[in-house]
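Summary of the model geometry
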Amino acid sequence: MPARPVPEPIRRISPRWLFAGALLAVIGFMAICGSVLLGMRTGDERLAQQMLGNVAARIDGDISHNVELLDLSLSAVAANMTAPQVLNATPSIRQAILFDHTTPPRQFGAIQVLDEAGTVTIDSAAQPATARSFADAEFFKVHRRDPLAGLYISKPMLHDGTYGLVLSRRIATRDGRFLGVVAGMIRYSYFDELVAGLHLQPDDVVSVVRQDGLQIMRAPLDMAVIGTDVSRLPVVQQALAALSGSHVATSAVDGIERLYVWRDARNPLIVIVGRSTRAIFADWRREALVIAGAMGALFLLVLAVLLLLMREMKKRAGIEDEMARLAITDALTGLGNRRHFDATLAREWRRALRANAPLALLMIDADHFKAFNDAFGHQAGDVALVEIAGCIAGHAQRASDCAARYGGEEFALLLPGLSQSQAIELGERIRSQVEELNTGAAVTVSIGVASLRPAAGQRPADLVGHADLALYSAKAQGRNCTYPVTIASQSARRPVQSAVIEAGS
């Protein structure tokens, strides 16, 4: 079968580039959505920090206010206990001077004065005071041992039958001699009432920590951690190091990850409020799932449409390629048509001109073809033309060779890089092969050969003209032969009529 002509490649968008572009667009859109989601998450975290910070500031302010009130009363009692007029006054007058007949807040316990042996000598709630010894109490030992202890806040303890925090100050003379301790209490129920009024979420945690890292209070209440040293916990270490801040950590008590926030850690008691990250980001997770689901569905839709489009593009490309091939193919012989030949000749002419290489052309015509058609019919004539085309195409071995049906029973074979002698030899092989065809009748061809090196001023039509002249000469010499044309001069364009015809081998 004759070799099919190869059309010029059609420039089109590659489906791979289309897929890559669409994929990049989807990835870019997903990146934008991811950035928006990240911004939303950051916003929720900041809102939670602000809200928890407000809760921590409220609790801290209330506790600090009550600690300050009690401390003012303790300081006043400690100062008055060193005044001679107070010491020499009657018990009732001394009671009035020390406690000023004020009604203490209900969350406060009684204020008691202990002598240097730790025995209660004065009690704001009873007169005369019931003698009780607190010599073994931690707060008493601290003040007896350390003159600079100042306000001391005990760990939660049972004091006079009530559970709470004991706040105490040292009573000393002007020369520093230890006279005893004045102590007051903040009932633990106060913390429960304070936290209960905040309407916290189920997993929220409120911790009150002393400056040395001792756990004073925790809500929800967990007696296993109350009074323990939690100074090694990362959140407590950060709270002790920074006045205000936040930290995300997993609780060692219940294993829940929380955002912890604290404010104004200069106070004697540090308030840390924590909320689970699951609760903080619950709404964000729902929105993220909805957006992620929509993005996933959109991605699948784009992928399906893209695959469908790529398949249609491949089909269309195949159709276009076939149409392009048909546009340059002779329908009967399968060789290139005149259009394909003209385009190939122009391209190879330019290439030979740049490379100063020879360009050969064989013009081939079936002998007595009209008489053949009249004798055997047009169908037999078509079969003969197909057989001749097969012989010609069989000698177009290189990619640059071009075998074409030039018109009617005339064919052309363009042979870039072949000299005239090589072209003559190939033409003779074609002629002999056609002569040996078994078509049911004698079929021969006449071949005109021309070969030249393109030069400035010449045109591709010059080569065709020379080959045509050689073909006419071959027919004039009796047909069924191969004749070349010798071009007298290639330095300038010359008319075809000036060519000298010589007999070939």
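Residues numbered from 1 in each chain as written. Predicted model: local features only at pLDDT ≥ 70, side-chain atom pairs only at ≥ 80, totals over all residues. Heavy atoms only, no water.

Looking now at the overall build of the protein. Of regular secondary structure, the protein possesses 13 helices and 17 strands. The globule rule puts the C-alpha radius of gyration for 505 residues at 23 Å, and the 55 Å found for the protein is more than 25% above it. Once the C-alpha set of the protein is aligned to its principal axes, its extents read approximately 160 × 45 × 30 Å. Residue burial in the protein is summarised as follows: out of 505 residues, 43% are buried. Residue pairs in contact within the protein that sit at least 24 positions apart in sequence constitute 61% of those at least 6 positions apart. Total accessible area computed for the protein in this model is approximately 26400 Å², and 57% of it derives from carbon and sulfur atoms. The average position of the 51 basic charges and that of the 50 acidic charges among the side chains of the protein differ by 2 Å. (Helix = DSSP H or I, 4+ residues; strand = E, 2+ residues; numbered from the N terminus. Rg over C-alpha atoms; globule rule 2.2 N^0.38 Å. Buried < 20%, exposed > 50% of the residue type's maximum accessible area, 1.4 Å probe, protein only. Contact = heavy atoms within 4.5 Å. Areas by Shrake-Rupley, 256 points an atom, 1.4 Å probe, with all protein chains shown as cover. Lys, Arg positive; Asp, Glu negative; His and termini not counted. Charge placed at Lys NZ, Arg CZ, Asp CG, Glu CD.)

Once that is clear, we can look at the sheet that holds strand S10 (residues 257-262). Read from one edge to the other, the open sheet built from 5 strands follows the order S8-S7-S11-S10-S9, with strand pairing classed as antiparallel. Each edge of the sheet is formed by a strand with only one pairing partner; in this case those strands are strand S8 (215-219) and strand S9 (245-250). Neighbour to neighbour, the strand axes of the sheet diverge by 20° on average, direction disregarded. By the bridge criterion, 5 bridges tie S10 to strand S11 (residues 269-276) in an arrangement that is antiparallel. (Pairing = 2+ DSSP bridges. Axes fitted to C-alpha atoms, helices over the stretch in contact; angles between N-to-C directions.)

With that out of the way, let us pick up the packing of helix H1 (residues 15-80) against helix H8 (residues 282-327). Packing of H1 against H8 brings their axes to within 10 Å, and their N-to-C directions diverge by 175°. Overall, the two elements H1 and H8 adopt an arrangement that is roughly antiparallel. Among the residues making up the contact of H1 with H8, the classes are represented as 23 nonpolar, no polar and 4 charged. (Parallel < 35°, antiparallel > 145°, perpendicular 65-115°, else oblique. Nonpolar A, V, L, I, M, F, W, Y, C, P; charged D, E, K, R; others polar.)

Enumeration over the complete set of coordinates arrives at 9 aromatic pairs. Judged by centre distance (6.3 Å) and plane angle (70°), the rings of Phe-281 and Trp-284 are edge-to-face. Taking relative accessible area as the criterion, Phe-281 reaches 4% and is therefore assigned buried. Through pairs of rings, three or more aromatic residues link up here, namely Tyr-163, Tyr-188, Tyr-190 and Phe-191. Above the face of the Tyr-406 ring, Arg-338 is positioned so that its terminal group lies 3.9 Å from the ring centre. (Phe/Tyr/Trp six-rings, centres within 6.5 Å; stacked < 30°, edge-to-face > 60°. Lys NZ or Arg CZ within 6 Å of the ring centre and 35° of its normal.)

On to the pairing of strand S15 (residues 445-452), then. Of all 8 residues that make up S15, 8 are buried, and the element is covered over most of its length. Burial along S15 is two-sided: Val-445, Ile-447, Val-449 and Ser-451 facing one way and Ser-446, Gly-448, Ala-450 and Leu-452 facing the other are all buried. Note that S15 and strand S16 (residues 482-486) share 3 bridges and pair parallel. For Gly-448, the partnering residue across the bridge sits in S16 and is Tyr-483.

The next thing to look at is the pairing of strand S13 (residues 402-407). With 5 of 6 residues buried, S13 is to be regarded as a mostly interior element. Of the strand pairs in this sheet, S13 and strand S14 (residues 410-416) are connected by 5 bridges, and their pairing is antiparallel. What sits directly across from Ala-404, in S14, is Ala-412.

This paragraph deals with the nonpolar core. Counting 49 residues, the largest nonpolar core has Ile-59, Ile-63 and Met-217 as its most contacted members. Broken down by element, this core gets its largest block of residues, 12 residues, from H1. Discounting chain neighbours no more than four positions away, the residues touching Ile-59 are Leu-194, Leu-198, Val-206, Val-271 and Val-273. Ranked by size, the runner-up nonpolar core spans 30 residues in total, among them Ala-366, Leu-418, Leu-426 and Val-434. (Core = buried A, V, L, I, M, F, W, Y, C linked by side-chain atoms within 4.5 Å.)

Once that is clear, we can look at the packing of helix H10 (residues 369-376) against helix H11 (residues 378-393). A packed helix pair is summarised by two numbers, namely the angle formed by the two axes and the spacing between the axes. With their axes 7 Å apart at the nearest point, H10 and H11 run at an angle of 135° to one another. Here H11 runs oblique to H10, going by the angle between their axes. The residues of H11 that touch H10, namely those facing Phe-369, Phe-372, Asn-373 and Phe-376, are His-378, Ala-380, Gly-381, Ala-384 and Leu-385. Across the contact of H10 with H11, the residue classes break down as 6 nonpolar, 3 polar and no charged.

Tracing the backbone shows Arg-170 in strand S5 (residues 162-172). Buried charged residue Arg-170 carries no salt bridge. Nearest counter-charge: Asp-146, at 7.1 Å. A distance of 2.8 Å separates a polar atom in the side chain of Arg-170 from the backbone oxygen of His-143. A distance of 3.5 Å separates a polar side-chain atom of Arg-170 from the backbone oxygen of Gly-176. Every residue in contact with Arg-170, bar those within four places of it in the chain, is listed here: Ala-78, His-143, Arg-144, Asp-146, Pro-147, Gly-176, Phe-178 and Gly-180. (Salt bridge = Lys/Arg side-chain N within 4 Å of Asp/Glu carboxyl O. Polar contact = N/O pair within 3.5 Å; in protein donor to acceptor, adjacent residues only side chain to side chain.)

Using the criterion set out here, one finds 0 disulfides in the structure. Considering cysteine sulfurs only, Cys-391 is the nearest to Cys-481, which forms no disulfide, with 17 Å between them. Taking the relative accessible area as the measure of exposure, Cys-481 reaches 14% and is therefore buried. (Disulfide = S-S within 2.5 Å.)

This next bit is on helix H6 (residues 234-241). Residues spaced three or four apart along an α-helix point in a common direction, a consequence of the helix completing one turn every 3.6 residues. Burial in H6 covers these residues: Val-235, Val-236 and Ala-239. Buried residues of H6, viewed axially, fall in a sector of 100°; they line one side. Against the buried residues of H6 lie strand S7 (205-210), S9, S10 and S11. (Arc of directions from axis to C-beta.)

Phe-139, Phe-140, Val-142 and His-143 are the residues of helix H4 (residues 138-145) that are buried. Down the axis of H4, the buried side of the element spans an arc of 160°, and every buried residue falls inside it. Residues of H4 that are buried make contact with strand S1 (112-115), strand S3 (152-153), strand S4 (157-159), S5 and strand S6 (178-187).

The next point concerns the confidence of the model for the protein. Per-residue confidence for the protein gives a mean pLDDT of 86, with 92% of residues at or over 70. Mean pLDDT in the protein bottoms out at strand S17 (residues 500-501), which sits at 34, and peaks at strand S12 (residues 359-366), which reaches 96. In the model, residues 489-505 has pLDDT below 50 throughout and makes 35 contacts with residues more than four positions away in sequence or in other chains. (pLDDT = per-residue confidence, 0-100.)

Moving on: the pattern of salt bridges. Across all of its chains, the model carries 19 salt bridges by this definition. A salt bridge links Asp-123 to Arg-132, with the shortest nitrogen-to-oxygen separation between them at 3.4 Å. Relative accessible area serves as the criterion here: at 6%, Asp-123 is assigned to the buried category. Take Arg-132: its relative accessible area is 23%, and that puts it in the partly exposed class. Asp-374 is paired through a salt bridge with Lys-370; the nearest N and O atoms lie 3.4 Å apart. Here Lys-370 and Asp-374 lie together in helix H10, a separation of 4 residues that amounts to about one turn. Summarising the burial analysis for this pair, Asp-374 and Lys-370 share the class exposed. Through salt bridges that share partners, Asp-123, Arg-132 and Asp-160 make up one connected network.

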